[in-house]
Amino acid sequence: GQCRVCCGWTRKIVLGLCTAFAGSEPSPNALVQPVEVFKNMPRVILIVDDEPLILELTADMADELGCVVLTAHNAHEALAKLASDPSISLLLTDVHMPGMTGYELADIVRKRWPDLQVVMMSGQDLGRRGYRLVRKPFSAPQLERALNET
């Protein structure tokens with residue numbers, strides 16, 4: 001199954017695959033059991049980016065990978081969401097944001113929630129501050145690898 005949390009509600013979608021050809025009646029044996037989507041992926045991740053389009057694209061990629069996705073447009077919004085939702089298991093944050101940088105956010109998160117995994121995103125930063133970094137632009141397989149290696 002796959003879950004997505006949005007606007008305070010959760011929906012769960014379970015899809016079976018049919019091996020019958022279109023136009024014919026599927027038999028009960030034609031449906032297969034849903035595959036567990038959350039193999040090694042963090043179940044609930046918070047993605048932070050001040051660029052709305054990048055935030056949306058990254059959230060869609062993570063959703064397709066089987067994560068429950070929450071988003072924040074800045075570090076202060078992210079801290080509020082982290083404080084109110086203990087189910088978040090990974091923070092994926094842009095490095096360069098106005099107000100508070102991704103590294104400043106990550107340092108606060110490490111102190112307040114030491115078990116929370118942190119992955120940084122950047123097209124410019126070299127990732128030398130002790131946090132895992134995924135380089136922008138990235139593909140879904142690159143994102144999956146970054147999330148699985150934390």
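Predicted model only: the values in this text are computed from it and were never measured.

A.B. asks: Help me understand the sheet that holds strand β6 (residues 117-122) in this model?
C.D. replies: By definition, the strands of a sheet pair up through backbone hydrogen bonds, in either a parallel or an antiparallel sense. Taken in spatial order, the 5 strands make up an open sheet running β4-β3-β5-β6-β7, and their pairing is parallel. Whereas interior strands pair on both sides, the edge strands pair on one side only; in this sheet they are β4 (68-72) and β7 (132-135). Neighbour to neighbour, the strand axes of the sheet diverge by 25° on average, direction disregarded. Of the pairings in the sheet, the one linking strand β3 (residues 44-48) to β4 comprises 5 bridges and is parallel in character.

A.B. asks: Just checking my understanding: could you explain the packing of helix α2 (residues 75-84) against helix α3 (residues 102-112) for this structure?
C.D. replies: Contact pair α2 / α3: the axes reach a minimum separation of 10 Å and the direction vectors enclose 15°. As judged from the angle between their axes, α2 and α3 are roughly parallel. Here α2 runs over α3; the crossing is right-handed. Contacts between α2 and α3 involve A75, A78, L79 and L82 from the former and L105, I108, V109 and R112 from the latter.

The rules behind the values
- Residues numbered from 1 in each chain as written.
- Predicted model: local features only at pLDDT ≥ 70, side-chain atom pairs only at ≥ 80, totals over all residues.
- Heavy atoms only, no water.
- Pairing = 2+ DSSP bridges.
- Helix = DSSP H or I, 4+ residues; strand = E, 2+ residues; numbered from the N terminus.
- Axes fitted to C-alpha atoms, helices over the stretch in contact; angles between N-to-C directions.
- Parallel < 35°, antiparallel > 145°, perpendicular 65-115°, else oblique.
- Left-handed = near helix turned anticlockwise from the far one by under 90°.
- Contact = heavy atoms within 4.5 Å.

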